[in-house]
Amino acid sequence: MTNKKIYLKNYSGNDDREIFANAIADMRANPGTTLVVEPRVYNITSELARAEQKKVMDGVYGGNPQRTMFNPKYEYTRGIHLDGLKDCRIEAYGAMFMVDGFMEPVSITNCENVEVLGFAIDHKRKPYSKASVIIADEFTDDGCFDCTLVFDEECPITPKSPMSLRNHIWNPVKQVIERGSFFDDLRFIDEHHVRAKGHGNITPDIEYYVVHTFHSRPAILVEFSKDIKITDVTIHSQPGMGIVGNRSENITMTRLQVVPSQGHHMSTNTDATHFTSIKGLLKMKDCKFYAQGDDFVNVHGYYHAIIKREAPNVCYLQEKTPDGTHAQTLDYPDVGDMMELTSFETLENVDTFKVLAVEPMHEEWMCKVTLDHDLPQNTDGLMMADITRLPEVEITGCMASEHFARSILIKTRKALIENNILRDVNGTAIAIAAESYWYEGVCPANVIIRNNLIIDPRVDKNRTAGIYVKADCGNAKGQSIKNVVIENNVIYAPNCGNAMYIRNVDGLVLKNNICTTLDNPIMIQDCTNISVE
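As the structure is a prediction and not an experimental result, all values here were calculated from the model.

Novice: Looking at this model, I keep getting lost on the state of the cysteines. Mind explaining?
Specialist: The bond known as a disulfide is covalent and runs between the sulfur atoms of two cysteines. Throughout the structure, instances matching the rule amount to zero disulfides. Free of any disulfide, Cys398 has its nearest neighbouring cysteine sulfur in Cys287, separated by 4.3 Å.

Laid out in structure tokens, this is it:
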């Protein structure tokens, strides 16, 4: 793949970002180049990035900064920007990209056949805060107890820092992360001390973690690119997601880790990885995920609402997810793509169309499409999804534990989930489901789930611990999910209600699964063509 080798140490600049930019410019002009990045700490920052973090911590963006920072018009810094590279490779084993501020540390855009290897991403001031607890002897009248949260020296806060978003504790005695509501009535003392009312199983030796924003820019963005490989990369923290892939083709992650830095039990604020409108093969092999604030992987396309009609086969479409697209760029089909017309209420497929023409309207956040035949006269309650931009997914040999939400969430038409270990996940470990309320689709098909080990011994009798498969909408009807094989999995969740919940499937195979649960291990509803062993 490579013809020329260059070394970062031979480039100069006013700071590390500029040094990288100068080397990357050389790579752009010389396809087939390998850049060797010497092992050391690289300071990745900008005045804007530092200012944005300060605004968050000073409460300028309110109690939920995502409303400001997760927006197409939000101004942010790209740290190391790989743009327009072809047949290139960046070898960065032993390199630490230490980020100062809130930004997008690594951007991979408009690239083809590029591999990045070996670096880690972390933050000088974490995008969350970590505290120990001092507990007073006296209890209050409501059964709570007074305590003081003592925040680490590198985690200063202000009286208006957002403190009511996602939080968890690390219990060193049990060696587990516990989630819930542990403190209220927070009273600021100084930048490292907060008085609070504590409740639950709080002990003096726990570590308390609180994030200050949900979604923002990812640690690594892959967009408008093809044949991208991410190998032996580690993401320790990010005020948002770890990796976001969007409108790209063929992405492979090998031995990716989204895990806390040493001495911490918190990694990314939200999803470890999230992929939207991808084509080709999306592959994750031998990856590790721990203590992130949401799913370890979510793969989907977008449902678009039909805003208005210009002709029987011409309409305006708008993506309607509550937070906008995850890359905060417009989603639209390409000419030749196939689109499904689907009921929002039931997720039943109504018709399929081919796109003859498309006009992206970025400022209006919509697109105009011409279809190969007429839409129904009444399109109320219907939405459209691009089924061409759905990848084949392979997730094999990965490990995930102690994180919020689900581990694996799949909404695509071909997937293999095999030989993974998922333990102590806050939600169901593997979810195969379209979600109309998020406008994330489509209903999956041709999914194989086999040889996975799912362990969840916690008490949660109302939850499906292992696997759920369903059309997740207000009034699911029919069998909108096709061909699901679940075999040779071990699900140990003795205190959970059931191991599997499956509905709306045409073509279900259950074979040689071992399930330990509190109640009925497997629940099946509204499925046809079932084979069970």
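Novice: What is the right way to look at the packing of aromatic side chains in this model?
Specialist: Describing an aromatic ring pair means giving the distance of the ring centres and the angle of the ring planes. The tally for this structure, following the rule as stated, stands at nine aromatic pairs. Considering the side-chain rings of Phe20 and Tyr42, the 5.4 Å spacing of their centres and the 70° angle between planes classify their relative orientation as edge-to-face. Note that Phe20 is positioned in helix α1 (residues 16-29) and Tyr42 in strand β3 (residues 41-45), a separation of 22 residues in sequence. Judged on exposure class, the residue Phe20 and its partner Tyr42 are both buried.

Novice: When you look at the sheet that holds strand β6 (residues 96-100) in this model, what are you seeing that I'm missing?
Specialist: Strand pairing in a sheet takes place through backbone hydrogen bonds and is either antiparallel or parallel in direction. Within the open sheet, the 11 strands sit side by side as β3-β6-β9-β19-β22-β25-β33-β36-β40-β43-β46. Their pairing is parallel. Every other strand in the sheet has two partners, leaving β3 and β46 (514-517) as the edge strands with one partner each. Where strand β22 (residues 257-258) meets strand β25 (residues 288-290), two bridges bridge the pair, whose relative direction is parallel. Bridging from a neighbouring strand, Gln257 pairs with Lys288 of β25.

Novice: I would appreciate a short explanation of the nonpolar core in the present structure.
Specialist: Burial of nonpolar side chains together is a common tendency in soluble globular proteins. Counting residues in each nonpolar core, the largest one holds 91 residues, and the members touching the most others are Phe97, Phe119, Ile220, Met253, Phe296 and Ile430. Considering each element in turn, this core owes the most residues, five residues, to α1. Excluding residues that lie within four positions of it along the chain, Met253 makes contacts with Ile230, Ile243, Phe275, Leu282, Lys283, Met284, Lys285 and Cys287. In this structure, Met69, Val133, Ala196 and Ile202 belong to the second largest nonpolar core, which totals 23 residues.

Novice: Sorry if this is basic, but what is going on with the pairing of strand β28 (residues 338-343) here?
Specialist: The buried count for β28 comes to five of six residues, which makes it a mostly enclosed element. Bridge count for β28 against strand β29 (residues 349-361) is five bridges, and the pairing is antiparallel. Pairing of Met339 across the sheet is with Phe353, part of β29. Between β28 and β29, which pair antiparallel in sequence order, lie five residues; one of them, Leu347, sits at a positive phi of approximately 60°.

Novice: Got a minute to help me understand a negative patch on the surface in this structure?
Specialist: Residues Glu153, Glu154, Asp190 and Glu191 make up a contiguous surface patch of negative charge. Looking at the secondary structure, you find Glu154 in the loop between β11 (145-151) and β12 (167-171). Residue classification places Glu154 among the partly exposed residues on the basis of a relative accessible area of 40%.

Novice: Looking at this structure, I do not really get unusual backbone geometry. What am I missing?
Specialist: It is generally the case that most residues other than glycine have a negative phi and that most peptide bonds are trans. Cis geometry is adopted by the peptide bond preceding Val442, which originates at Gly441 and carries an omega value of 15°. By the secondary structure assignment, Val442 is in the loop between β38 (440-441) and β39 (445-450). One non-glycine residue, Ser277, adopts positive backbone phi at about 55°. Take Ser277: its relative accessible area is 3%, and that puts it in the buried class. In this structure, Asp526 is a non-glycine residue whose phi angle is positive, near 50°. Mapped onto the elements of the fold, Asp526 is located in the loop between β47 (522-525) and β48 (528-532).

Novice: So what exactly am I meant to see when it comes to the pattern of salt bridges here?
Specialist: Oppositely charged side chains can pair when the atoms bearing their charge come close. Under the defined criterion, the tally for this structure stands at 29 salt bridges. As a salt-bridge pair, Lys411 and Glu435 come within 2.9 Å of each other at their nearest N and O atoms. Note that Lys411 is positioned in the loop between β34 (408-410) and β35 (414-418) and Glu435 in strand β37 (residues 430-435), a separation of 24 residues in sequence. Given the relative accessible area of 0%, Glu435 is considered buried. Within the structure, one salt-bridge network assembled from shared partners comprises Asp295, Arg406, Lys411, Glu435 and Glu440.

Novice: What is the right way to look at a nonpolar patch on the surface in this model?
Specialist: Taken together, the side chains of Ile524, Ile530 and Val532 present a nonpolar region at the surface, about 240 Å² in accessible area. On the secondary structure map, Ile530 appears in strand β48.

Rules used in this analysis
Residues numbered from 1 in each chain as written. Predicted model: local features only at pLDDT ≥ 70, side-chain atom pairs only at ≥ 80, totals over all residues. Heavy atoms only, no water. Disulfide = S-S within 2.5 Å. Phe/Tyr/Trp six-rings, centres within 6.5 Å; stacked < 30°, edge-to-face > 60°. Helix = DSSP H or I, 4+ residues; strand = E, 2+ residues; numbered from the N terminus. Buried < 20%, exposed > 50% of the residue type's maximum accessible area, 1.4 Å probe, protein only. Pairing = 2+ DSSP bridges. Core = buried A, V, L, I, M, F, W, Y, C linked by side-chain atoms within 4.5 Å. Contact = heavy atoms within 4.5 Å. Patch = residues over 30% accessible without salt bridge, like charges linked within 9 Å, V, L, I, M, F, W, Y side chains within 5 Å. Areas by Shrake-Rupley, 256 points an atom, 1.4 Å probe, with all protein chains shown as cover. Salt bridge = Lys/Arg side-chain N within 4 Å of Asp/Glu carboxyl O. Lys, Arg positive; Asp, Glu negative; His and termini not counted. Charge placed at Lys NZ, Arg CZ, Asp CG, Glu CD.

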